[in-house]
Amino acid sequence: MTVSTELAQGILEFPPGFMWGTATASYQIEGAAREDGRGPSIWDTFARTPGKVHLGHTGEVACDHYHRYTADVATMAELGMGAYRFSVAWPRIQPDGSGPANSRGLDFYDRLVDELRGHGITPILTLYHWDLPQTLEDHGGWTSRDTAERFAEYAAIVHRRLGDRVDMWTTLNEPWCSAFLGYAAGLHAPGRTEPGAAFAAAHHLLLGHGLATRELRRAGAREVGITLNLAPVRGSDLTAVAVPDGILNRIFLDPVLRGEYPTDVIRRAERFTDWSFVRDGDLTLIGAPIDMLGVNYYHPFQVEPRPGQPANPVFPGSEGIGFIDKPGPTTAMGWPIEADGLTELLVGLKRDYPPVPLVITENGAAFDDVLAGGRVADNRRIEFLDAHFRAAHAAIAAGVDLRGYLVWSFMDNFEWAYGYDKRFGLVYVDYATQERTPKDSAHWYREVIRRNGL
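Every value quoted in this text rests on a predicted model; they were computed, and no experiment measured them. (Residues numbered from 1 in each chain as written. Predicted model: local features only at pLDDT ≥ 70, side-chain atom pairs only at ≥ 80, totals over all residues. Heavy atoms only, no water.)

Peer 1: Quick one: what's the story with the sheet that holds strand β2 (residues 83–87), residue by residue and with numbers?
Peer 2: Taking strand neighbours around the barrel as the criterion, the eight strands line up as β1-β2-β3-β4-β5-β7-β10-β11 in a closed arrangement whose pairing is parallel. Taken pair by pair, the neighbouring strands of this sheet meet at an average axis angle of 25 degrees, ignoring direction. Note: strand β1 (residues 19–23) against strand β11 (residues 402–408), five bridges, orientation parallel. Residue pairing in the sheet places A23 in a bridge with W408 of β11. (Pairing = 2+ DSSP bridges. Helix = DSSP H or I, 4+ residues; strand = E, 2+ residues; numbered from the N terminus. Axes fitted to C-alpha atoms, helices over the stretch in contact; angles between N-to-C directions.)

Dropping the structure here:
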């Protein structure tokens, strides 16, 4: 892909055909948690567990997108979105995680895809964005190899119904969060605190990706990829950097793009697991070629040696490593705003791994948005996105094969353990009335899309 520099009219232009859009996830927006045969997910269970989610919020209703999808898609079209990444709720398709398909669940996504295509919006389908059927978790969840095999069957079911109209398929969203927030730190569903289980979950998630990719290929899927949450890990001490970098980035990148686990990660994790869950042929499946790597970027990490520091539970084995909070602006999540980290990440992927087309499948920010006079003046989000779009442009100028950018999120929604306390959306949601109001950032983004540049 080629990229222009500043044009005469002052627009920083992106490559022709660059894909602009937005993204959401099923449990965060759909609601209708007990309708049309949907079974319970691990997030239904986790959210109902006292003390796990802010103020006891749940996704039972969320944004009621299940019933309001036609209006939501119309709003996307009005805002000029060229692509929409959504996830399918596995418990809608197989309420217990296996067995025959629930046709009523598939019908919803059938209607959604048709609505998107009818408005000229490219559907990008994510098969798994964390809402594992509870029955599968009752039998071990992602610590069990059987879950990976069931996932491949589920992928084939969804493709049979939607594969004639969906070209872009993402197997997993952020397996690091599923494995290490869910099974090591207990901050996400299913809320377990077992580091050894987290490594087994990470492998079976990747195996599920590999098995599902094989099924999708056999069925004729045109583009198959995976989405990883990645971040530069910075620091002057390479040993300190290697630990979180290994568990956040390389434990997923290396198997998917090289067909192998990093030896230093294997070695450090041996006190938690013997890796007996890795079988002959697994890494060949996991490392099969993909058509696209989805990159979710929010902020970098800065680390330093700090003797006596307890391990950060989301990074098992990180004793003696300190995570530094740098001074400077942050989002409402408390995350540092460092757009240059996106350029660093993308250029590093090009430098360190075999070539693969990249798409920013999530990037965005939560701020303390206020609806006043029918308007949300979220100038900080505009500044955030402007800086990150420029960082992406710089990466393209450096030779990175970046094909698209999907802003997180289309609308305010259930933000996992934060409940409804954090607002990431381009569209403001009044949860009491379900009224939607595009924020100033949504109107600004529409102009970016129209110009294909800044």
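Peer 1: Could you give an account of the pairing of strand β7 (residues 292–296), naming the residues involved and the relevant values?
Peer 2: Counting buried residues in β7 gives five out of five residues, a clear majority hidden from the surface. Residues M292, G294 and N296 line one face of β7 and the alternating positions L293 and V295 line the opposite face, and both faces are buried. Across five bridges, strand β5 (residues 223–229) lies against β7 in parallel orientation. Bridge pairing in β7 links G225 to M292. Bridge count for β7 against strand β10 (residues 358–362) is four bridges, and the pairing is parallel. In the sheet register, N296 faces β10, and the bridge partner there is E362. (Buried < 20%, exposed > 50% of the residue type's maximum accessible area, 1.4 Å probe, protein only.)

Peer 1: Before we move on, can you summarise the environment of Y27 with the specific residues and values?
Peer 2: Secondary-structure assignment places Y27 in helix α1 (residues 26–29). Take Y27: its relative accessible area is 3%, and that puts it in the buried class. Separated by 61 residues in sequence, Y27 and V88 have C-alpha atoms that sit 9.0 Å apart. In this structure the side chain of Y27 is engaged in a polar contact, spanning 3.0 Å, whose partner is the backbone nitrogen of G59. (Polar contact = N/O pair within 3.5 Å; in protein donor to acceptor, adjacent residues only side chain to side chain.)

Peer 1: Describe in detail the pattern of salt bridges, supporting the description with residues and values.
Peer 2: Within the structure shown, the criterion is met by 41 salt bridges. Here E60 makes a salt bridge to R48, at a shortest N to O gap of 3.6 Å. Linking E60 in the loop between α2 (42–47) and α3 (65–78) with R48 in the loop between α2 and α3, this pair joins segments that are twelve residues apart in sequence. On the basis of relative accessible area, E60 is assigned to the partly exposed category, the value being 23%. (Salt bridge = Lys/Arg side-chain N within 4 Å of Asp/Glu carboxyl O.)

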